[in-house]
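Take a look at the letters that make up each chain.
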Amino acid sequence: YQSEAVQAKGGVAYTLSMVAVLLLSLFVGGATVGLSIVDERESGVLRAVAVSPLRLGGYAATKLAPALLLGLAGVSAAALIICKASLLPRYLLLAVVSLPVSGMMTFAIGAFAGNQIAAIGVMKILVPLGMILPVSAMFVPQQWQFLYYALPMYWQYRALGAILSGTSVLWPAILTLLTGLPWFLAAIWYFAKKTKFRSGR
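Everything quoted here is computed from the prediction, not taken from an experiment.

> Lay out the overall build of the chain with the relevant residues and their values.
Summing up its helical and strand segments, the chain has eight helices and zero strands in all. Reading the secondary structure of the chain in the N-to-C direction produces α-α-α-α-α-α-α-α. Along the first, second and third principal axes, the C-alpha set of the chain runs to 80 × 35 × 30 Å. By the burial criterion, 43% of the 201 residues in the chain qualify as buried. Of all intrachain contacts in the chain linking residues separated by at least 6 positions in sequence, the fraction that spans at least 24 positions is 76%. Counting every atom, the chain has about 10800 Å² of accessible surface; 70% of that belongs to carbon and sulfur.

> I'd like a rundown of the packing of aromatic side chains, residues and numbers included.
A complete count under the given rule lists 13 aromatic pairs for this structure. Between phenylalanine 191 and phenylalanine 197, the aromatic rings sit 6.4 Å apart at their centres with planes inclined by 35°, giving tilted as the arrangement. Across the pair, phenylalanine 197 and phenylalanine 191 agree in class, each one buried. Here the aromatic cluster, defined as three or more aromatic residues joined through ring pairs, consists of Tyr59, Phe107, Phe184, Phe191 and Phe197.

> Outline a nonpolar patch on the surface, supporting the account with residue identities and numerical values.
Judged by side-chain polarity, Leu170, Trp171, Ile174, Leu177, Leu178 and Leu181 come together as a nonpolar surface patch covering roughly 570 Å² of accessible area. Looking at where isoleucine 174 falls in the secondary structure, it is placed in helix H8 (residues 170–195). Its relative accessible area of 33% is what places isoleucine 174 among the partly exposed residues.

> Explain the environment of alanine 60 residue by residue, including any values.
Secondary-structure assignment places alanine 60 in helix H3 (residues 56–81). A C-alpha to C-alpha distance of 8.6 Å links alanine 60 and phenylalanine 107, two positions 47 residues apart in sequence.

> Please set out unusual backbone geometry residue by residue, giving values where relevant.
In the Ramachandran plot, lysine 196 falls in the positive-phi region, its phi being about 55° despite a non-glycine side chain. The topology assignment puts lysine 196 in the segment after H8. The class for lysine 196 is exposed, based on a relative accessible area of 68%.

> If you had to explain helix H5 (residues 99–112) to someone new, which residues and values would you point to?
Between its first and last C-alpha, H5 extends 20 Å over 14 residues, near the 20 Å set by a 1.5 Å rise per residue. Taken across its 14 residues, H5 has 12 buried, putting it largely inside the fold. Of the residues making up H5, those classed as buried are Pro100, Val101, Ser102, Gly103, Met104, Met105, Thr106, Phe107, Ala108, Ile109, Gly110 and Ala111.

> Talk me through the pattern of salt bridges; I want residue IDs and the actual numbers.
Per the counting criterion, the structure on display carries one salt bridge. Notably, a salt bridge pairs glutamate 40 with lysine 63, separated by 2.7 Å at the nearest N-O pair. Here glutamate 40, found in helix H1 (residues 12–43), pairs with lysine 63, found in helix H3; they are 23 residues apart in sequence, far enough to count as distant. This pair shows no difference in class: glutamate 40 is buried, exactly as lysine 63 is.

> Which residues make up the packing of H5 against helix H6 (residues 116–136), and what values do they have?
Look at H5 against H6: their axes get within 10 Å of each other, and the N-to-C directions meet at 155°. The orientation of H5 relative to H6 falls into the category roughly antiparallel. Pair H5 / H6 crosses with right-handed handedness. Of H6, the residues touching H5 (which contributes Met105, Ala108, Ile109 and Phe112) are Val122, Met123, Leu126 and Gly130. Considering only residue class, the contact of H5 with H6 consists of seven nonpolar, one polar and no charged.

About the criteria used
Residues numbered from 1 in each chain as written. Predicted model: local features only at pLDDT ≥ 70, side-chain atom pairs only at ≥ 80, totals over all residues. Heavy atoms only, no water. Helix = DSSP H or I, 4+ residues; strand = E, 2+ residues; numbered from the N terminus. Buried < 20%, exposed > 50% of the residue type's maximum accessible area, 1.4 Å probe, protein only. Contact = heavy atoms within 4.5 Å. Areas by Shrake-Rupley, 256 points an atom, 1.4 Å probe, with all protein chains shown as cover. Phe/Tyr/Trp six-rings, centres within 6.5 Å; stacked < 30°, edge-to-face > 60°. Patch = residues over 30% accessible without salt bridge, like charges linked within 9 Å, V, L, I, M, F, W, Y side chains within 5 Å. Salt bridge = Lys/Arg side-chain N within 4 Å of Asp/Glu carboxyl O. Expected span 1.5 Å × (residues − 1). Axes fitted to C-alpha atoms, helices over the stretch in contact; angles between N-to-C directions. Parallel < 35°, antiparallel > 145°, perpendicular 65-115°, else oblique. Left-handed = near helix turned anticlockwise from the far one by under 90°. Nonpolar A, V, L, I, M, F, W, Y, C, P; charged D, E, K, R; others polar.

The analysis is restricted to geometry; functional conclusions fall outside its scope.
Here's what the structure looks like:
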């Protein structure tokens, strides 16, 4: 007899749960900072900031920085929870290229919700878009996958799948960044329109 060490492999449910945990960790950063914008709108702070010398780009930077830090912290914690610490550099890379997606979530919440109650309603829409919709691609035939291509969350899901399977994550990571940028710019444009935030001098 020859003994061989084998490693147990999870099924679809196990993989799905890991992807969901990691997607949630990427989502939390943007959502948390978005709720802070809602608090600023509700308290009137945002009106003062909107007429201050601070421009839209500077304001966006003050929100993207904590969203990125929370995303990095969240994905690190998720990697430790699912016992995938060895893959942490890849997860951190995905968190960095997912910054436009986090920014989109942040400013979408800030634009559509004027108070905390409305923010809960917006979150009920964004959570399915951010998590359930990309995961649903797992159950869609390959010939219909193109319907998801415009969604950066789909490429986040593909990147996570690549990381978990040990294949190259570069292409889905790049597409996460490229598809996320237009959505982020649209969200911040609508936010500026709703809050009358000046974008330039």
